[in-house]
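Now for the letters of each chain:
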Amino acid sequence: MPSHLTTFQGSIPEALKQAIEAKIEGSTAEVTGGGGHFNLVVTSPVFAGKSMLESQRLVYGAIAHLMAGDQAPVHAIDSLKTKTP
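- Naming follows an unreviewed UniProt entry, where the chain appears as BolA family transcriptional regulator of Sorangium atrum.
- Recorded in UniProt under Sequence similarities (unreviewed entry), the annotation for the chain is "Belongs to the BolA/IbaG family."

Right under this line is the structure:
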């Protein structure tokens, strides 16, 4: 895994999980990866009736603060899957 410079303190996967679950009602998030690159599987009833793009925009909106700036802790989301329960 390539190194990724960041000043973020703490668990980046846990920060992603908490941000998603706090912003998307009834969601559960599975986060894997490291080195600034992560894979997400997010399940929420909120995604029902939404297109894949609409659902993914909700997730990216929830984690945007973790992807902002030159030394952001999250460099890329390599895989994002959204599901309904």
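### Remarks on the overall build of the chain
Next, step 1: Assigned secondary structure in the chain consists of 2 helices and 3 strands.
Next, step 2: Going from the N terminus to the C terminus, the chain shows its helices and strands as α-β-β-α-β.
Next, step 3: In summary, the chain has a C-alpha radius of gyration of 13 Å against a globular reference of 12 Å for 85 residues, a match within 12%.
Next, step 4: In terms of principal-axis extent, the alpha carbons of the chain reach across some 40 × 20 × 20 Å.
Next, step 5: Per-residue burial over the chain gives 34% buried out of 85 residues.

### Topic: the nonpolar core
Next, step 1: If you look at the biggest cluster of nonpolar residues, it comprises 18 residues, and the most contacted ones within it are Leu 16, Ile 20, Leu 40, Val 42 and Val 59.
Next, step 2: The set of elements that each furnish at least two residues to this core consists of helix H1 (12-23), strand S1 (28-34), strand S2 (37-43), helix H2 (52-63) and strand S3 (76-83).
Next, step 3: Of the residues forming this core, the biggest block, 5 residues, is contributed by H1.
Next, step 4: Leaving out residues up to four positions away in the same chain, Ile 20 has contacts with Ser 27, Ala 29, Leu 40, Val 42, Val 59, Ala 62 and Ile 63.

Cut-offs and rules
Residues numbered from 1 in each chain as written. Predicted model: local features only at pLDDT ≥ 70, side-chain atom pairs only at ≥ 80, totals over all residues. Heavy atoms only, no water. UniProt positions renumbered as here; feature names shortened; annotations may be inferred. Helix = DSSP H or I, 4+ residues; strand = E, 2+ residues; numbered from the N terminus. Rg over C-alpha atoms; globule rule 2.2 N^0.38 Å. Buried < 20%, exposed > 50% of the residue type's maximum accessible area, 1.4 Å probe, protein only. Core = buried A, V, L, I, M, F, W, Y, C linked by side-chain atoms within 4.5 Å. Contact = heavy atoms within 4.5 Å.

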